[in-house]
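Inside the fold
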Amino acid sequence: MFSSKSVNYFIVSALLTTTSLVLMAIDAEPNGFGLLTLWVAPPILLIGLALPIPGILAIDRSVRIWPRLSWKNLFALASFLIAFGIYIYTLEPTASLWDCSEFIASSYKLQVPHTPGTPLSLLFGRIFSMLAPDVIYVAWMVNVMSAFFSALSVVLVFFIIYHFGEKIFIGNGAWPKIILTGGAFTGSLCLAFSDTFWFSAVEAETYGGACFVLLLLLWMILKGAEAEEPFRSRMFILIAYVSGLGYCIHPMCLLVLPALPFAWYVKTTKIKSIVTSLLFGMLVVFLINRFVAIGIFDLAFVFDLVAVNTLHLPFYSGVIILLVMAIAIVYFLLRKFPKYKLYSWAIVFLVLGFTPYVMLFVRSNQNPPIDETNPENLYQIKAYFNRDSYGSSPLVFGPYFDARIDDVTPRGKAYYKDAAAYKIGGTKVDYQYESSRVTILPRIYSRDDNHILAYREWLGLSANEKPDFGDNLKFMFTYQLGHMYLRYFMWNFVGRESDVQNSAWLKPWDRLSEGSSERSRNQYWMIPLLIGVFGAMLQYWNDRRSFIVNGIFFLFTGIVLAFYLNSPPIEPRERDYIYVGSYIAYCIWIGLGVIAVCMTLLRYKLQLPAMIFALALPLWIFYQNFDDHNRAGRTFQIDYARAVLNNCAPNAVLFTGGDNDTFPLWYLQEVEGFRTDVRVVVLSYFNTDWYIDQLRRPYYNSAPLNFTLTQKDYRQYGKNDVLYLDEQVKQGIDVHQYLKLIKEEHVALRRQANDGDYYHILPSRILKLTYKQDPTQTLSFAVPGNFLEKNALTILDLIASNDWQRPFYFNFTSMNTLSMDIKPYLVQEGLIYRLTPQRSTGDLAVNTAVSYQNLVEKADFTNLADPTVNFNYEEYYSRMIVPLRQSFNALAAACLKEGNEPLAEKVLNASIEKLHYPHLPPSFTDLHTAQMLLAIGQEEKAKLLSTSTFDYYYNQVSQQMKRDEHPDNFDLYALRQSTALLTNLGESSYVSKFSLLGL
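Counting restarts for each chain, with residues numbered from 1 along the sequence as it is written. Restriction of local features to residues with pLDDT of at least 70 applies here, the model being predicted, together with a cutoff of 80 or more for giving and counting side-chain atom pairs; totals for whole chains, interfaces and linings are based on all residues. Excluded from the side-chain calculation are hydrogens and water; included are all heavy atoms of the structure.

**Structural notes on the sheet that holds strand 14 (residues 778-782)**
In plain terms, the rule: The pairing criterion for strands is at least two bridges between them, as found by DSSP. Secondary structure is summarised from DSSP: a helix means a run of H or I of at least four residues, a strand means a run of E of at least two, and numbering begins at the N terminus for each.
The strand order across the open sheet formed by three strands is 10-13-14, and the pairing between neighbours is mixed. Lying at the two open borders of the sheet, with one neighbouring strand each, are strand 10 (733-734) and strand 14. Two elements, strand 10 and strand 13 (residues 766-770), share two bridges in a ladder whose sense is parallel. Following the sheet pairing, Asp734 is matched in strand 13 by Lys768.

What follows is the structure in structure tokens.
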């Protein structure tokens, strides 16, 4: 099937890929951060992964690579240049929030991020970061990568719209071709400027690359379906190979594959044929996701487990045996079943497409600082692909949230790699629920207390009311498909109310935005939606096969994906980016709709209105979205993270709670090399053995952390994952003694589970720790719940074992999510809270001198002063700016409590100067600031702050009442409080204004 020239491509590819991985493996620098890993290997590996493509397609010098000069290609180039230019102009200049900072830090040094790892995205990120002239430009260059691939996606959408349009609109003369080109241009730019797509295009995420591969696969499916042999067969194999590579960019790339069976093998549009092809396409995606991406490593581990533990062979002998068997099976299939060789080769190249994951295995073995799940051996790789660190949701059959657990049954053994064999670390279990409270298609399954409250709120259930299957379906349609998909879809094509989390989509009769305070209020008057409907209908009437192909793409990246994900009722942020594939598919229909409208106008000789309409649609979307998608100049998130690290004393340990608490700190340490003496510890990871083991290693300028308990004591699925309370000692127990008993596996702590395994208990609700420097001081930590999590046990171990030689800090999130009460021993020192041996009563203690230095003198928040920079509500205003104001308020209040009014005045004035700009919305915290200003005699400043707060919340409540909504309780409370404060300041007119609302 392949010529000798193609085989040469494959051989060179194998040599280059192997060479690059070997170079990484032999890098002698600490953590593999040397020349070989970071500079030599990446381009070699990328070339090695690319070479099979010309080999599969049998490309030689006679094949024309560059496209011919034509209006179509010129407009395609224009769509790329416009999109890329706008993305560069609006690009985030540094690391963004959420996963972006982690991705940049991981790409820069080829580290191991959270599953699914996306190793090919990391490789591209590393290539782009190599172009940065200095470390401070690394983040910008990785952001450019996202912009580049997003712009390429726009080009592919142009060609796909043109491809579909050619099948529908056939006409003589220049104008039909002009309109066809213009419609493709318009549709592609509608995608480029759409809400979700633009948002992802200007930050370092995997979605730009994933959209490009998703569309590349769709383009190859469309072109391959019309091709003649042998190019058709070669295209089929290439689709398989790119699918494997695409998974290494993001698993969402597979979601276009269900369109392939229909496009290639079904010749009719009968319902039965469509459904059959769809089911087969779904099966293909399931098989790739389960039996290739995960199953290969499952099988490799089983082979190695037998080879090592039973046959006493060296580690990875089982992999060699499996590889030899796989080669033999492929050879057998090719020889004995030559008519199926196309599918045999497709499977081979599909598996080869997963080669980039070997890079993660190599890098994990070098123990870089970011090494999530630690996939350095076969069992951990299996856990990495299975997402064992994350919870799972039932899809076909599962419980209601109120189901009682009847039994706990073993699901399998958890292993770890010892010096000479795989050892059993514990037992994985499954919960068996009461049979009367389980259902098919479980949608309301989560037992989290906050989730249960949200379920009841969405469904209108009373406190003790049991949900039924009708409630299950209601939640699926109203929340999972309505709120978590349809709302996002309408954001992109109808209008978006605001960037407040859970905000609604705009109706065509809703008002436009008013000023910079409503940058994220975007009104499209439903025009893109209607044009897309028109385009879809027209394609259905005139080219039903193409309509079905695009429809499959639309459904599987939208509604089907929303159904599969089975979202919980509370999310930490909006998830519209997950469904970007369906927005792309709809923009294809928008392009066709524009062509149809323009063709209609052309029949009436209305060429100029047709051109105006084609240009006006993307221009209006651009105009509406520009102000809230422009991230140029925004650095506050990194300035804030820098301030957090600077608040830490030398060699500190800082406990963080979530993504936004942690990833910007990682970026600063891993990329810019800032404050690498501080050990950042993620509390949510602290429940895993691999993460605790990593803390025992030195990294950069941070020495290893000391533990009393050993690796065995913290092993996953072991005796100490959760320590259930069995209160036998009322007066409390000593932490050192408790750790000693755990380490000894003392019989007094042991209890036996139903499966026969043992676990340890917590014998007291009070845990005491004597301060060795002053034995008269004893810290006493209370456990409010019925159990102690492993992360709390580990923190106790760290505090006890490090003997106050290193300062310990908590941020707001970690302080409030720990399963023991540590707050009485925390002292605020600016943005973080230091653990001390002294117990405080009442509110959290504040070290006013250190806090003033950290907040006022050392921190740089000048980026907030720029009115042209967009600080959106969800990520910046509510989660960063308002808490920062609260930190200043807490410091000022502490100064007043100490009787230090001059320092309080300095703090309040600094807060006004640094955090209360006219372009930043007021908040309820401003009233506390105003009250303290009034207390120190600063009446004018107090009045100004109170007035702006009143005006803001008055407008909020007024707009809610105009929409016939009940005013938000918090907004109403803030309005009433600001009215009362202004009355105290002698401004009684605000009482009258408030009364006009009729509340």
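**Overview of empty space enclosed by the protein**
Definition in use: Note on definitions: the grid is 1 Å and covers protein atoms alone; a cavity is a set of points where a 1.4 Å probe fits but cannot get out; a pocket is an open set with protein on both sides within 12 Å along at least five of seven lines; lining residues have an atom within 4 Å of a point. Grid points are joined across faces, edges and corners, and a volume is the space filled by probe spheres set on the points. Note on residue classes: Ala, Val, Leu, Ile, Met, Phe, Trp, Tyr, Cys and Pro are nonpolar, Asp, Glu, Lys and Arg are charged, and everything else, Gly too, is polar.
Inspection of every chain in the model, using the stated rule, returns five cavities of 30 Å³ or more. Looking at the largest cavity, its volume works out to about 300 Å³. Along the walls of the largest cavity sit 21 residues, with Phe199, Arg496, Asp576, Glu874 and Glu875 positioned nearest its centre. At the level of elements, helix 9 (195-201), helix 25 (607-629) and helix 33 (873-897) are the ones that each hand at least two residues to the lining of the largest cavity. Per-element accounting of the lining of the largest cavity gives the leading share, four residues, to helix 9. Each residue belonging to the lining of the largest cavity can be placed in one class, and the counts come to four nonpolar, six polar and 11 charged. Size it by volume and the second largest cavity reaches roughly 250 Å³. As for the second largest cavity, its lining consists of 19 residues, of which Pro369, Trp666, Arg679, Val680 and Tyr699 are closest to the centre. Mapped onto the lining of the second largest cavity, the elements with two or more residues apiece are helix 27 (659-670), strand 8 (679-682) and helix 28 (689-694). Considered class by class, the residues forming the lining of the second largest cavity number 11 nonpolar, four polar and four charged.

**Focus: the packing of aromatic side chains**
Each aromatic ring pair is specified by the distance between its two centres and by the angle formed by the two planes. As a reminder of what qualifies: Two aromatic rings from Phe, Tyr or Trp, using only the six-membered ring of Trp, form a pair when their centres are within 6.5 Å; if the ring planes differ by under 30 degrees the pair is stacked, by over 60 it is edge-to-face, and anything between is tilted. When a residue's accessible area, from a 1.4 Å probe over protein chains only, is under 20% of the maximum for its type it is buried; when over 50% it is exposed; and in between it is partly exposed. Two conditions define a charge located above a ring, namely a distance within 6 Å from the ring centre to NZ of Lys or CZ of Arg, and an angle within 35 degrees of the ring normal.
Considering all chains together, one arrives at 88 aromatic pairs under this definition. Look at Phe128 and Phe148: their rings are 6.1 Å apart centre to centre, the planes differ by 50°, and that puts the pair in the tilted class. You can see Phe128 sitting in helix 6 (residues 119-129) and its partner Phe148 sitting in helix 7 (residues 138-168), a full 20 residues away along the chain. On the basis of relative accessibility, which here comes to 14%, the residue Phe128 falls in the buried class. Ring-pair connections join several aromatic residues into one group, and the members of that group are Tyr485, Tyr488, Phe489, Trp491, Phe493, Tyr540, Phe547, Phe554, Tyr579, Tyr583, Tyr586 and Trp589. If you follow Lys417 out to its NZ or CZ, it ends over the ring of Phe315, 4.4 Å from the centre. The lysine or arginine in question, Arg544, covers the ring of Tyr540, its NZ or CZ lying 4.0 Å from the ring centre.

**Quick look at the pairing of strand 12 (residues 758-762)**
By the bridge criterion, two bridges tie strand 9 (residues 722-725) to strand 12 in an arrangement that is parallel. Bridge assignment links Tyr724 to a residue of strand 12, and that residue is Ile761. Here three bridges tie strand 11 (residues 750-752) to strand 12, and the two strands are oriented antiparallel to one another. Bridging across to strand 12, Gln752 finds its partner in Tyr758.

**Concerning unusual backbone geometry**
That bond from Thr115 to Pro116 is cis: its omega, 10°, falls within 30 degrees of zero. Here the amide bond leading from Glu229 into Pro230 is cis, since omega sits at 5°, within 30 degrees of zero. Within the secondary structure, Pro230 sits in the loop between helix 10 (207-226) and helix 11 (231-247). Located in the positive-phi region is Lys605, a residue other than glycine, with phi close to 60°. The topology assignment puts Lys605 in the loop between helix 24 (580-603) and helix 25. Here Lys605 falls in the exposed class, since its relative accessible area comes to 66%. In the Ramachandran plot, Glu745 falls in the positive-phi region, its phi being about 55° despite a non-glycine side chain.

**Details of the pattern of salt bridges**
Selection criterion: When a carboxyl oxygen of Asp or Glu lies within 4 Å of a side-chain nitrogen of Lys or Arg, that pair is called a salt bridge.
On inspection of all chains with the given rule, the structure shows 34 salt bridges. Put simply, Arg675 and Asp677 hold a salt bridge, and the shortest N to O gap is 2.9 Å. Summarising the burial analysis for this pair, Arg675 and Asp677 share the class buried. The partner of Arg879 in a salt bridge is Glu874, and the shortest N-O contact between them spans 3.9 Å. By relative accessible area, Glu874 is classed as buried at 8%. A single network of salt bridges, built from pairs that share partners, joins Glu92, Glu203, Arg631 and Arg634.

**Some points on helix 22 (residues 544-556)**
The criterion, for reference: By definition here, a helix of n residues has an expected span of 1.5 Å times n minus one.
Given a rise of 1.5 Å per residue, 13 residues ought to cover 18 Å, and the 18 Å separating the end C-alpha atoms of helix 22 matches this to within 8%. Listed as buried for helix 22 are Ser546, Ile548, Val549, Asn550, Gly551, Ile552, Phe553, Phe554 and Phe556.

**Observations concerning the side chain of Asn630**
Worth spelling out the cut-off: By definition in these notes, contact holds between two residues if any of their heavy atoms fall within 4.5 Å.
In this fold, Asn630 is placed in the loop between helix 25 and helix 26 (636-647). Its relative accessible area of 11% is what places Asn630 among the buried residues. Contacts of Asn630, omitting those with residues within four sequence positions, involve Tyr89, Thr90 and Asn870.

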